Amino acid sequence: MRRLGARTGSKIVDQIFVAVLLGAAIVFLAIILGLAASLVKGSLPSLRTFGFAFLWTSSWNPVTSIFGALPLIYGTVISSLIATVLAGVFGIFAAVFLSDFAPAFLARPLSFMIELLAAVPSVVFGLWGLFVLAPAMRNTIDPALQRTLGFLPIFSGPSYGVGLLTAGVILALMIIPTVTAISRDVLTTIPADQREASMSLGATKWETMMKVVVPAARAGIFGAIILALGRALGETIATTMVIGNRPEIAVSLFAPSYTLASVIANEFTEATSDIYLSALIELGLLLLIVSVVVNALARILMWSVFRGARSAR
Amino acid sequence: MKSYRSRRIADAVGVTWSFLCAFLAAAVLLIILGYIVVKGAAAINWQFLTQLPHPVGIEGGGVANGIVGSIITVGIAVLIASPIGIMTGLYLALFSRGGFASTVRFLSDVLSGIPSITIGLFAYALLVAPFKHFSALSASFAFAVLMLPLLVRTSEEAIRSVPRAILEGALALGMTTFRSTLRIVLPVAWPSIVTGLLLAIARVAGETAPLLFTAFGSPFWELNPTNPMAVLSLQVFTYAISPYRSQNVQSWGAALLLVVAVLALNLLARVLLRTRIRAAP
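Trainee: Please clarify how the overall build of chain B should be interpreted in this entry.
Mentor: Secondary structure assignment for chain B yields 10 helices and zero strands. Written out in order from the N terminus, the α and β elements of chain B read α-α-α-α-α-α-α-α-α-α. Relative to the compact-globule value of 19 Å for 281 residues, chain B shows a C-alpha radius of gyration of 24 Å, a clear excess of over 25%. Overall, the C-alpha framework of chain B stretches about 75 × 70 × 35 Å when taken along its three principal axes. Across the 281 residues of chain B, 53% fall into the buried class. Pairs at least 24 apart in sequence give 73% of the contacts found in chain B among residues at least 6 apart.

Trainee: How do you make sense of the overall build of chain A when you look at a structure like this?
Mentor: When helices and strands are counted, chain A shows 12 helices and two strands. Across chain A, helices and strands are ordered from the amino to the carboxyl terminus as α-α-β-β-α-α-α-α-α-α-α-α-α-α. The dimensions of chain A, computed from C-alpha atoms along their principal axes, are 70 × 65 × 30 Å. Within chain A, buried positions represent 55% of all 313 residues. Counting contacts in chain A only where the partners sit at least 6 residues apart, residues at least 24 apart contribute 73% of the total. Surface summary for chain A: the accessible area is close to 13,300 Å², and the carbon and sulfur share equals 68%.

Trainee: Explain the packing of aromatic side chains to me, please; I cannot follow it from the model alone.
Mentor: In this description, a pair of aromatic rings is defined by centroid distance and the angle of the planes. The tally for this structure, following the rule as stated, stands at 22 aromatic pairs over all chains. Ring geometry for A:Phe93 against B:Trp17: centres 5.9 Å apart, planes inclined by 65°, an arrangement best described as edge-to-face. Residue A:Phe93 is located in helix α3 (residues 70–101), and its partner B:Trp17 is located in helix α1 (residues 4–43); the two belong to separate chains. Residues A:Phe268 and B:Phe213 carry aromatic rings whose centres are separated by 4.6 Å and whose planes lie at 45° to one another, so their mutual orientation is tilted. Note that A:Phe268 is positioned in the loop between α11 (260–267) and α12 (274–312) and B:Phe213 in the loop between α8 (177–205) and α9 (232–240), a pairing that runs across two chains. Residue classification places A:Phe268 among the buried residues on the basis of a relative accessible area of 3%. Positioned over the ring face of A:Tyr160 is A:Arg246, at 5.9 Å from the centre of the ring.

Trainee: Could you clarify how one ought to interpret the interface of chain B and chain A in this entry?
Mentor: How big an interface is tends to be stated in terms of the accessible area lost upon association of its parts. The interface is formed by 87 residues belonging to chain B together with 82 residues belonging to chain A. Summing both partners gives a buried area of about 7,800 Å² for chain B against chain A, and 80% of it is carried by carbon and sulfur. If you look at where chain B meets chain A, you find two salt bridges. A salt bridge links A:Glu115 to B:Arg270; its shortest N-O distance comes to 2.8 Å. Here chain B and chain A share nine residue pairs in polar contact (both at pLDDT 80 or more) between them. At 21 residues, α1(B) tops the list of elements feeding residues into the side of chain B that touches chain A. Per-class residue counts for the side of chain B that touches chain A are 62 nonpolar, 19 polar and six charged.

Trainee: Explanation requested: unusual backbone geometry in the structure shown.
Mentor: When glycine is set aside, most residues are seen to have a negative phi, and most peptide bonds are trans. Although it is not a glycine, A:Ser65 sits at a positive phi angle of roughly 60°. By secondary structure assignment, the location of A:Ser65 is in the loop between β1 (60–61) and β2 (66–67). Of note, B:Lys132 is a non-glycine position whose phi angle comes to about 50°, a positive value. Following the sequence through the fold, B:Lys132 ends up in the loop between α5 (116–128) and α6 (136–160).

Trainee: Looking at this structure, I do not really get the packing of helix α4 (residues 104–119) of chain A against α1(B). What am I missing?
Mentor: Helices that pack against each other are described as a pair by the angle of their axes relative to one another and the distance between those axes. The geometry of α4(A) relative to α1(B) is characterised by a closest axis approach of 8 Å and an angle of 50° between their N-to-C directions. Here α1(B) runs oblique to α4(A), going by the angle between their axes. The chirality of how α4(A) crosses α1(B) is left-handed. On α1(B), the residues touching A:Leu106, A:Leu110, A:Met113, A:Ile114, A:Leu116 and A:Leu117 of α4(A) are B:Phe19, B:Ala22, B:Phe23, B:Ala25, B:Ala26, B:Val28, B:Leu29 and B:Leu30. Of the residues that constitute the contact of α4(A) with α1(B), the class distribution is 14 nonpolar, no polar and no charged.

Trainee: Just to check I follow, could you spell out the environment of B:Gly174 for this structure?
Mentor: Relative to the helices and strands, B:Gly174 resides in the loop between α7 (164–172) and α8. For the pair formed by B:Gly174 and B:Val204, sequence separation is 30 residues and the distance between their alpha carbons is 42 Å.

Trainee: Where do I start with the nonpolar core in this structure?
Mentor: The tendency in soluble globular proteins is for nonpolar side chains to be buried side by side. One finds A:Trp60, A:Phe125, A:Leu187, A:Leu283, B:Ile36 and B:Met147 to be the most contacted residues of the largest nonpolar core, which totals 192 residues. Setting aside chain neighbours within four positions, we find A:Phe125 in contact with A:Leu117, A:Val120, A:Ile170, A:Leu173, A:Met174, A:Ala238 and B:Ile32.

Trainee: Got a minute to help me understand a nonpolar patch on the surface in this structure?
Mentor: Among the surface-exposed residues, A:Val85, A:Val89, B:Trp17, B:Leu20, B:Phe23 and B:Leu24 lie close enough to one another that they form a single nonpolar patch of about 520 Å² accessible area. Within the residue set of the nonpolar patch, elements represented by two or more residues are α3 of chain A together with α1 of chain B. Among the elements that take part in the nonpolar patch, α1(B) stands out by supplying four residues, more than any other.

So, how was this worked out
- Residues numbered from 1 in each chain as written.
- Chains lettered and ligands numbered in written order.
- Predicted model: local features only at pLDDT ≥ 70, side-chain atom pairs only at ≥ 80, totals over all residues.
- Heavy atoms only, no water.
- Helix = DSSP H or I, 4+ residues; strand = E, 2+ residues; numbered from the N terminus.
- Rg over C-alpha atoms; globule rule 2.2 N^0.38 Å.
- Buried < 20%, exposed > 50% of the residue type's maximum accessible area, 1.4 Å probe, protein only.
- Contact = heavy atoms within 4.5 Å.
- Areas by Shrake-Rupley, 256 points an atom, 1.4 Å probe, with all protein chains shown as cover.
- Phe/Tyr/Trp six-rings, centres within 6.5 Å; stacked < 30°, edge-to-face > 60°.
- Lys NZ or Arg CZ within 6 Å of the ring centre and 35° of its normal.
- Buried area = accessible area lost by both parts, 1.4 Å probe.
- Salt bridge = Lys/Arg side-chain N within 4 Å of Asp/Glu carboxyl O.
- Polar contact = N/O pair within 3.5 Å; in protein donor to acceptor, adjacent residues only side chain to side chain.
- Nonpolar A, V, L, I, M, F, W, Y, C, P; charged D, E, K, R; others polar.
- Axes fitted to C-alpha atoms, helices over the stretch in contact; angles between N-to-C directions.
- Parallel < 35°, antiparallel > 145°, perpendicular 65-115°, else oblique.
- Left-handed = near helix turned anticlockwise from the far one by under 90°.
- Core = buried A, V, L, I, M, F, W, Y, C linked by side-chain atoms within 4.5 Å.
- Patch = residues over 30% accessible without salt bridge, like charges linked within 9 Å, V, L, I, M, F, W, Y side chains within 5 Å.

Treat this as a map of the structure, not an account of what it does.
As structure tokens, this is what we get:
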């Protein structure tokens, strides 16, 4: 609906109306830009003091006012990667089932439940993770992993229940709906002709999905996974409750760790010095930059698939 | 060349495996809800819903101030976000021209992916630090910023989905753009906009991270939004990580209230959307 305002703009009421709407859009824009500006401004003292070494020094010590984010970056990246791998494996196959294999009486309720899972607040995931999953990890899952795969250093050492692996599993449960729902939508945009052509050549349903439909949708599915990764990287409360909150880099996935978002959540109200506060805000700025880059990438990937589907019709 | 038999087996295994994945993902919801309902119901009684939190060590007490606090903070957030969000959506749908509109749309998408904790930092810098005082108002502002991208997107789509001919008909009869938008376009788009609003409310009602340094929490009855205030989701968090068992139990109760509210809002939004789709020709 272009140029509506221009055509009827001679009436004063309409001019005011358009101006008011434009004002709202400008306020919205100002909020977004203000968000970025305020984080940059707040991180300036820390940026000046620590420079880029902030990113690769590994001492996070409020007592001596020396701040390096490496252990936090490590914890954030590893917990999110565990989550993305787990959610990717289960989520993509779940999407394949929902888009192609499931009879309607199963597809509807399963999709519905998976979508509702996305609506569960993260503090509820955290509560469940802390009192149900963490003890299960400590008593059952971690010892089992150690018995079978204990020769790998990542499954060695004592398990406290809370740690990188537990955080990764909780995050996986939280992002599975994202992977599943978007992958399912992407798969349904692949034209039926391709499925029919493959089936008519004698391929089974499974071969059709794995060799024709999923490869055709791979950019979009990859986009869904990146988007889910973005959610995992910025997730705060649930991670804080189950990761153990210790700023150290350990080889074992059973070990407690810390993430960028959890540090802010735990320490912001306790930060006594200006440089401490500024270092925490710089972590926020880092999260902001990472999430913008990751989301932009995901949107470009998914956009390419949905646009292709539209032009094919 | 693989035998026909082995290909049939691979097919059956693959279909079964993908079914299991979908089934497990859905089962996670039931498992978590099951725990919340069973453990939460044990904590809920009349006192839990109507009393203030008791000091640690004294039996009983409730989360009444958190329930009220959630309603106040989310309510103010709706008052801040809905005019800005709906009007921005209207602008993008009706008067968007090139560069400015696509910039707004792109930044709105970007905003929807930003972690809520960084939005909390923004609210802190803007509304807490200058006054050196935590407040429910700053939490409402953070909530509003979280709601805006969803509101802008759903309002724009709702208004775009109104057939252009309806608007043109009104304009041809001599109505101003203002009146025809208000009287003709908005009433048709309204159910979709309300659906978006309900989903946005459901999203922020469970949000906890930005509250840590905005609303901050409070053990008292607090109705003044310029003071620190108890919020239900924050109570779930602080009671869960508390070393006291009695508070852990209350955390499950508060979580049940939160989950019921959030899922009810989601279901309501779906029902509204479905009736609208059915009503459309």
